[in-house]
Amino acid sequence: MPRTRSQSQATINFPKKKLSRTLDKAKNCHNTKLEPTHVQAIPRSPKKILPLSPRKRLGADNLCNTPHLPSCSPPKQGTCYQQAKLVLHTAVPDLLPAREKEMDVIRNFLREHICGKKAGSLYLSGAPGTGKTACLSRILRDLKKELKGFKTIMLNCMSLKTAQAVFPAIAQEICQEGGSKPAGKDMMRKLEKHMTAEKGPMVVLVLDEMDQLDSKGQDVLYTLFEWPWLSNSRLVLIGIANTLDLTDRILPRLQAREKCKPQLLNFPPYTRNQIATILQDRLNQVSGDQVLDNAAIQFCARKVSAVSGDVRKALDVCRRAIEIVESDVKSQTILKPLSERKSSSEALVPKRVGLTHISQVISEVDGNRMTLGQEGAQDSFPLQQKILVCSLLLLTRQLKIKEVTLGKLYEAYSNVCRKQQVAAVDQSECLSLSGLLEARGILGLKKNKETRFTKVFLKIEEKEIEHALKDRALIGNILTTGLP
Ligand code: ATP
Ligand code: MG
């Protein structure tokens with residue numbers, strides 16, 4: 001299947017495993033129900049760092065794989081580093097700079113179709129991390145407040161076992177509001193009847209990662225794109241995918257019916273300037289001195305735009321670079337939360353993230369991740385992450401299984417910390433650490449709606465881990481002692 005996410009040029013070679021996110025995503029996604037109106041409270045305390053990995057997140061609190069944050073004022077708590085990491089999240093942001101034009105097109109399309117009670121379809125294409133899901137989520141959230149008389153169904157097709165499974169998934173969503181779920185052959189008939197019933201709201205059906213509906217003969221896609229054209233249809237279909245040519249593949253048949261062709265909108269990869277603007281805009285949300293210097297932002301924007309224009313990657317790289325500096329500073333001083341600081345001199349950033357830190361992260365992801373444990377690079381692999389990896393290693397050894405649940409891992413990790421008299425982080429931070437380790441390609445996560453059932457497994461050889469984690473004093477001790 002041609003997917004743009006697997007195309008890359010040289011410069012930054014993010015590990016292959018990560019580039020082909022298709023598999024990971026498929027594994028990670030279990031929930032088909034993605035409710036755009038449910039908004040979770042922003043984790044304010046530094047302990048509750050944003051959920052999961054710096055990559056896409058799938059979970060109960062997400063909207064089509066991109067978690068939602070409510071409108072929020074900038075974070076006030078935590079060190080300057082924690083605050084900066086918080087604003088560089090990859091959830092749906094309040095503002096989406098550099099996408100004004102695309103958002104206008106989508107907003108106008110939806111207003112026109114919802115207010116005019118006009119069925120129709122729109123197809124959004126673009127490479128990973130170009131803001132497709134985020135823009136649409138943001139707009140739907142705003143329109144919910146502005147317009148009445150429409151119902152939204154959002155499905156992430158990644159979570160479907162087969163292309164055909166999209167129909168029962170839609171039926172499930174529709175039937176939640178009264179009525180029993182139609183089964184078998186009746187289902188399609190009932191779905192069509194529902195979409196064309198005289199009374200009822202306009203139905204905005206969003207199918208994210210729609211290229212997953214690629215099926216033999218393209219029957220599934222044909223059916224979906226034809227629905228808006230059934231007489232009296234109330235369906236407004238929005239498809240999102242990476243491939244530009246998805247609709248081309250079904251065009252031959254749709255061509256015969258000119259009006260069935262969806263309106264198309266492509267999201268081009270972000271340019272260097274756009275990425276820099278997005279990063280800057282986020283960092284402006286933190287008051288006081290800027291944690292990343294301008295050269296660092298520019299360098300990150302240049303490197304990422306040269307490879308993919310995926311802003312998710314730029315955000316990940318920056319957060320990781322901050323983490324490096326943070327642990328460096330932590331090893332020298334004890335950081336005080338900003339709120340506890342009195343004098344203005346203390347509001348200064350102890351050490352800024354510079355170009356070299358960004359460059360260090362990029363070469364880490366470049367495949368040198370296992371040099372992390374070597375002399376001189378110790379600080380870039382924070383202790384808590386090391387302990388977590390050790391605990392996972394010991395647990396998989398002890399249980400003789402490859403995957404363990406996050407709940408079990410947390411238990412083992414807490415025991416190890418207690419035994420070693422190291423303060424353990426809480427469960428939500430443990431989840432965030434797992435995400436960081438996943439981003440480094442050291443472990444894999446198979447997400448589950450219930451966090452503690454998320455499966456964790458090592459992605460690299462045991463020997464390599466032991467070598468990488470070599471930390472004569474503590475880690476050696478943990479490994480030889482085994483699980484308490
Ligand atoms: P994929 O094809 O992999 O699903 P996508 O195009 O749907 O990618 P999004 O999920 O929309 O990508 O974007 C990822 C994250 O990047 C967003 O949740 C958001 O945090 C950030 N982001 C994307 N575009 C912008 C923007 N213009 N301004 C600020 N943040 C952005
Ligand atoms: Mg998306």
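What you see is a predicted model, and the numbers here were worked out from it, not measured in a lab.

Reading guide: rules and limits
Residues numbered from 1 in each chain as written. Chains lettered and ligands numbered in written order. Predicted model: local features only at pLDDT ≥ 70, side-chain atom pairs only at ≥ 80, totals over all residues. Heavy atoms only, no water. Helix = DSSP H or I, 4+ residues; strand = E, 2+ residues; numbered from the N terminus. Buried < 20%, exposed > 50% of the residue type's maximum accessible area, 1.4 Å probe, protein only. Contact = heavy atoms within 4.5 Å. Areas by Shrake-Rupley, 256 points an atom, 1.4 Å probe, with all protein chains shown as cover. Polar contact = N/O pair within 3.5 Å; in protein donor to acceptor, adjacent residues only side chain to side chain. Pairing = 2+ DSSP bridges. Axes fitted to C-alpha atoms, helices over the stretch in contact; angles between N-to-C directions. Phe/Tyr/Trp six-rings, centres within 6.5 Å; stacked < 30°, edge-to-face > 60°. Parallel < 35°, antiparallel > 145°, perpendicular 65-115°, else oblique. Nonpolar A, V, L, I, M, F, W, Y, C, P; charged D, E, K, R; others polar. Arc of directions from axis to C-beta. Salt bridge = Lys/Arg side-chain N within 4 Å of Asp/Glu carboxyl O. Core = buried A, V, L, I, M, F, W, Y, C linked by side-chain atoms within 4.5 Å. Expected span 1.5 Å × (residues − 1).

Turning our eyes to something else, we now look at the overall build of the protein. The secondary structure content of the protein amounts to 18 helices and 10 strands. Classification of the 484 residues of the protein by burial places 56% in the buried group. Residue pairs at least 24 apart in sequence account for 77% of intrachain contacts in the protein once pairs closer than 6 positions are excluded. Of the accessible surface of the protein, which amounts to about 21,100 Å², a share of 52% is contributed by carbon and sulfur atoms.

Structurally, the position occupied by glutamine 290 is in the loop between helix 10 (272–283) and helix 11 (294–307). Looking at glutamine 290, its side chain comes within polar contact range of the side chain of glutamine 280, at 2.7 Å. A polar atom in the side chain of glutamine 290 sits 3.0 Å from the backbone oxygen of leucine 292. For glutamine 290, the residues in contact, after removing those within four places along its chain, are Gln280, Leu283, Asn284, Ile297, Val349 and Arg352.

A few words on the sheet that holds strand 5 (residues 202–208). As summarised here, the arrangement of the 5 strands in space is 4-5-6-3-7, forming an open sheet in which the pairing is parallel. Sheet topology places strand 4 (150–156) and strand 7 (263–267) at the edges, where each strand pairs with a single neighbour. On average, adjacent strands in this sheet sit at an angle of 15 degrees to one another, irrespective of strand direction. Sheet topology note: the strand 3 (residues 120–126)/strand 7 ladder contains 5 bridges and is parallel.

An order of 8-10-9 is seen for the 3 strands of this open sheet, with the pairing classed as antiparallel. The open sheet has two edge strands with one neighbour each: strand 8 (403–405) and strand 9 (443–446). Geometrically, the sheet is characterised by an average inter-axis angle of 30 degrees between neighbouring strands, direction not taken into account. As judged from the 4 bridges shared by strand 9 and strand 10 (residues 455–458), these two strands associate in the antiparallel manner. Note that in strand 10 the partner of glycine 444 across the bridge is phenylalanine 457. Along the sheet, helix 15 (residues 406–420) contacts strand 8 and strand 10; its crossing angle with strand 8, the most-contacted strand, is approximately 85 degrees.

Looking now at the pairing of strand 3. Counting buried positions over the 7 residues of strand 3 gives 7, a clear majority of the element. Along strand 3, one buried face is formed by Gly120, Leu122, Leu124 and Gly126 and the opposite face, lined by Ser121, Tyr123 and Ser125, is buried too.

Our next topic: the packing of aromatic side chains. Within the structure shown, the criterion is met by 2 aromatic pairs. Ring centres of phenylalanine 167 and tryptophan 227 lie 5.7 Å apart, and the angle between their planes is 65 degrees; this geometry places the pair in the edge-to-face category. Of this pair, phenylalanine 167 sits in helix 6 (residues 166–175) while tryptophan 227 sits in the loop between helix 8 (219–226) and strand 6 (235–241), and the two are 60 residues apart along the sequence. Among the residues examined, phenylalanine 167 registers a relative accessible area of 7% and is labelled buried.

One way to put it is that helix 15 packs onto helix 16 (residues 427–439) with a least axis distance of 11 Å and a crossing angle of 105 degrees. Comparing their axes, helix 16 and helix 15 come out roughly perpendicular. Here Leu406, Gly407 and Tyr410 of helix 15 lie close against helix 16, whose contacting residues are Gln427, Cys430, Leu431 and Ser434. The residue makeup of the contact of helix 15 with helix 16, split by class, is 4 nonpolar, 3 polar and no charged.

If you check which residues of helix 7 (residues 186–196) are buried, you get Met187, Leu191, Met195 and Thr196. Buried residues in helix 7, looked at end-on, bunch into an arc of 155 degrees, giving them a common side. In helix 7, the exposed positions angled more than 90 degrees off the buried face are occupied by Arg189 and Lys193. The secondary structure elements touched by the buried residues of helix 7 are helix 6 and strand 6.

A few words now on the pattern of salt bridges. One pass over the full model with this rule turns up 12 salt bridges. Measuring nitrogen to oxygen at the nearest pair gives 3.4 Å for the salt bridge that ties glutamate 102 to arginine 99. Relative accessible area serves as the criterion here: at 6%, glutamate 102 is assigned to the buried category. Note on arginine 99: relative accessible area 1%, which makes it buried. Arginine 107 is the salt-bridge partner of aspartate 104, the closest N and O atoms lying 3.2 Å from each other. Highlighted residues: aspartate 104 and arginine 107, both in helix 4 (residues 100–115), separated by 3 residues, approximately one helical turn. The network of salt bridges with common partners includes Asp94, Arg138 and Asp142.

Moving on, we come to the nonpolar core. With 36 residues, the main nonpolar core has Leu279, Val291, Leu292 and Ile358 as its most contacted residues. Residue assignment for this core shows that the elements contributing at least two residues are helix 3 (80–87), helix 10, helix 11, helix 12 (311–332) and helix 13 (355–368). Ranked by the residues each element gives to this core, the list is headed by helix 12, at 10 residues. Excluding anything up to four places from it in sequence, valine 291 contacts Cys80, Tyr81, Ala84, Ile322, Val349, Arg352 and Val353. In terms of nonpolar packing, the next biggest core, distinct from the first, is built from 33 residues, Cys417, Cys430, Leu436 and Ile465 among them.

Next up on the list: helix 12. Since the α-helix packs 3.6 residues into each turn, any two residues three or four apart lie on the same face. Relative to the 32 Å expected for 22 residues at 1.5 Å per residue, helix 12 spans 32 Å between its end C-alpha atoms, a close match to the ideal helical length. Among the 22 residues that make up helix 12, 19 are buried, leaving the element largely enclosed by the rest of the structure. Among the residues of helix 12, the N-terminal cap falls to aspartate 310, whose side-chain oxygen and the backbone nitrogen of arginine 312 are separated by 2.9 Å.

All we've got here are geometric facts, nothing functional implied.
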